[in-house]
Amino acid sequence: MSYRLRDNLNSRYFEAANALTSKKARRRIVAYVESYDDIYFWRTVLSEFENDKRYFEVMLPSKSNLTRGKKSVLMNFLEGEPLGRDMIACVDADYDYLLQGRTNQSKKVLESPYVFHTYVYAIENYQCYAPSLHNVCVSITLNDHRIFDFRQYFQLYSEAVFPLFVWSVMFYRNGNYPKFSMTDFNRVIDPGGFSVQNPLTSIEKLKHKVRTRIHELQRQFPDAKEEYLATKDDILRLGVTPQTTYLYIQGHHLFDTVVTPILSKVCNLLRQERQNEIYHASAHKTQKQNEMSCYENSVQDIKVMLKKNSGYMMCEQFRRVQEDIRTYLDES
């Protein structure tokens, strides 16, 4: 079978293939995802629902040209009638969940019974789930000393950026986003100058930047108050809270610009603490060298371990994803 033919197959093909197999064989459900990293995430989601009657195969949207991304998934598999009970699409929510059908893509993501989304902006937001970040530090440094409260920091961070986040969603809803793009928003919410010993300083600087930008937007759009308040009420209804806003900002920005630098500073201190323990506890030079070498060989890369983080499974938004999958399987 050529790759071109395979890429044009739709759900009817997979339904027919399932029908031709032995009645004792498990039903195969193909799940198309956006990128390589998404394969592992959605495999984690879908594994729970596999049994002796069905299994999932998670794959990229095309094998012939290696196209990836959300638009590729939606364009290839939502045109006509390709999706169905044996072929689904699993994508990042991005802003489509918060747009609530105001664009064609948002409608496709929210209305198709065979398209599943993350609710949070992207899988990176789950990987950066604050209550799980201490465990990530332990996996990186093998030091279980809690020297930083990630949960509290990202609650404060979220509360600081929430008012500006409402402006961002409002502009993307009304199509005025060129006046305040996601790039503009990300530039403001970068917590530069973060210190493990004094994290509140970065929060105060962040609040100042947010207030300054909001005052500029209020001057530019003096009649936007009613629309702003309506947008705020609506996204609160959708589950976004001032304390969880970090889950809904752009995932790559959160992962690369916010969380990874913070983890790096926390993990550096934890490594130094463990190295000092080894240094002072060693009976002689050879033991110190051997122990230090053993420890350094066990230390892990921050981004690798963050991408492998699955501590988000107790997150309310993740449970909504699971419930959507469960409903689809029950109905099909």
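The following refers to the structure shown. Remember, predicted model here, so these are calculated numbers, not experimental data.

1. Describing the overall build of the protein
Here comes step 1: Along its length, the protein carries 16 helices and 4 strands.
Here comes step 2: Looking at the protein residue by residue over its 332 residues, the buried ones come to 48%.
Here comes step 3: For the protein, the accessible area works out to roughly 16,900 Å², and carbon and sulfur atoms hold 48% of it.

2. Here we look at the pairing of strand 3 (residues 87-91)
Here comes step 1: Here strand 3 lies mainly inside the structure; 5 of its 5 residues are buried.
Here comes step 2: Here 3 bridges tie strand 1 (residues 27-32) to strand 3, and the two strands are oriented parallel to one another. Looking at strand 3, one finds that Val30 is bridged to Met87.
Here comes step 3: Bridge count for strand 3 against strand 4 (residues 115-117) is 3 bridges, and the pairing is parallel.

3. Topic: helix 9 (residues 150-174)
Here comes step 1: The end-to-end C-alpha distance of helix 9 is 34 Å, a good match for the 36 Å that 25 residues give at a rise of 1.5 Å each.
Here comes step 2: Roughly 50 degrees is the biggest bend found in helix 9, and it falls at Phe162, with proline Pro163 one to four residues downstream.
Here comes step 3: Among the 25 residues of helix 9, 18 are classified as buried, and the element is accordingly described as predominantly covered.
Here comes step 4: Structurally, the start of helix 9 carries an N-cap: the backbone nitrogen of Arg151 is 3.2 Å from a side-chain oxygen of Asp149.
Here comes step 5: Positive phi shows up at Gly175, right after helix 9, with a value of about 80 degrees.

4. Some remarks on the sheet that holds strand 3
Here comes step 1: Strand order in the open sheet made by the 4 strands is 2-1-3-4, with parallel pairing throughout. Both outer strands of the open sheet, strand 2 (54-59) and strand 4, are each paired with one neighbouring strand and no more. On average, each strand axis in the sheet is inclined to that of its neighbour by 30 degrees, with strand direction left out of account.
Here comes step 2: Each of strand 1, strand 2, strand 3 and strand 4 touches helix 16 (residues 316-331); the most contacted strand, strand 4, lies at about 165 degrees to it.

5. Remarks on unusual backbone geometry
Here comes step 1: Positioned with a positive phi, Asp94 is a non-glycine residue whose angle comes to about 50 degrees.
Here comes step 2: Mapped onto the elements, Asp94 comes out in the loop between strand 3 and helix 5 (96-99).
Here comes step 3: In this structure, Gln100 is a non-glycine residue whose phi angle is positive, near 55 degrees.
Here comes step 4: In this structure Gln100 comes out as partly exposed when scored by relative accessible area, which is 30%.

6. With respect to the nonpolar core
Here comes step 1: Residues Phe154, Tyr157, Phe165 and Trp167 are the most contacted members of the largest nonpolar core, which totals 89 residues.
Here comes step 2: When neighbours within four sequence positions are excluded, Trp167 is seen to be in contact with Phe180, Ile214, Leu217, Gln218, Phe221, Ala224 and Tyr228.

7. Description of the packing of aromatic side chains
Here comes step 1: Under the criterion given, the structure shown has 27 aromatic pairs.
Here comes step 2: The interplanar angle of 80 degrees and the centroid separation of 5.1 Å between the aromatic rings of Tyr97 and Tyr119 together place this pair among those described as edge-to-face. Residue Tyr97 is located in helix 5, and its partner Tyr119 is located in the loop between strand 4 and helix 7 (123-127); the two are separated by 22 residues in the primary sequence. One exposure class covers both Tyr97 and Tyr119, and it is buried.
Here comes step 3: Residues Phe165 and Phe185 carry aromatic rings whose centres are separated by 6.1 Å and whose planes lie at 50 degrees to one another, so their mutual orientation is tilted. Residue Phe165 is located in helix 9, and its partner Phe185 is located in helix 10 (residues 182-188); the two are separated by 20 residues in the primary sequence.
Here comes step 4: Owing to a relative accessible area of 0%, Phe165 belongs among the buried residues under this scheme.
Here comes step 5: Through pairs of rings, three or more aromatic residues link up here, namely Tyr95, Tyr121, Phe165, Trp167, Phe171, Tyr172, Tyr177, Phe180, Phe185, Phe221 and Tyr228.

8. Concerning the environment of Leu142
Here comes step 1: Counting through the fold element by element, Leu142 comes out in the loop between helix 8 (133-141) and helix 9.
Here comes step 2: Judged by its relative accessible area of 40%, Leu142 is partly exposed.
Here comes step 3: Note: C-alpha distance between Leu142 and Cys267 (125 residues apart in sequence) is 9.7 Å.
Here comes step 4: Look past the residues within four positions of Leu142 in its chain and what remains in contact with it is Cys137, Arg274, Tyr295 and Ser298.

9. Some thoughts on the packing of helix 8 against helix 13 (residues 251-281)
Two numbers describe a pair of packed helices, the interaxial angle and the distance between the axes.
Here comes step 1: In contact at an axis separation of 10 Å, helix 8 and helix 13 are set at 50 degrees when each is read in the N-to-C sense. Compared by their axis directions, helix 8 and helix 13 come out oblique. Every pair of crossing elements has a handedness; the one defined by helix 8 and helix 13 is right-handed. Here Leu133, Val136, Cys137, Ile140 and Thr141 of helix 8 lie close against helix 13, whose contacting residues are Val259, Leu263, Val266, Cys267, Leu270 and Arg271.

Definitions and limits used
- Residues numbered from 1 in each chain as written.
- Predicted model: local features only at pLDDT ≥ 70, side-chain atom pairs only at ≥ 80, totals over all residues.
- Heavy atoms only, no water.
- Helix = DSSP H or I, 4+ residues; strand = E, 2+ residues; numbered from the N terminus.
- Buried < 20%, exposed > 50% of the residue type's maximum accessible area, 1.4 Å probe, protein only.
- Areas by Shrake-Rupley, 256 points an atom, 1.4 Å probe, with all protein chains shown as cover.
- Pairing = 2+ DSSP bridges.
- Expected span 1.5 Å × (residues − 1).
- Bend = angle between axes of the 7 residues up to and from the residue.
- Polar contact = N/O pair within 3.5 Å; in protein donor to acceptor, adjacent residues only side chain to side chain.
- Axes fitted to C-alpha atoms, helices over the stretch in contact; angles between N-to-C directions.
- Contact = heavy atoms within 4.5 Å.
- Core = buried A, V, L, I, M, F, W, Y, C linked by side-chain atoms within 4.5 Å.
- Phe/Tyr/Trp six-rings, centres within 6.5 Å; stacked < 30°, edge-to-face > 60°.
- Parallel < 35°, antiparallel > 145°, perpendicular 65-115°, else oblique.
- Left-handed = near helix turned anticlockwise from the far one by under 90°.

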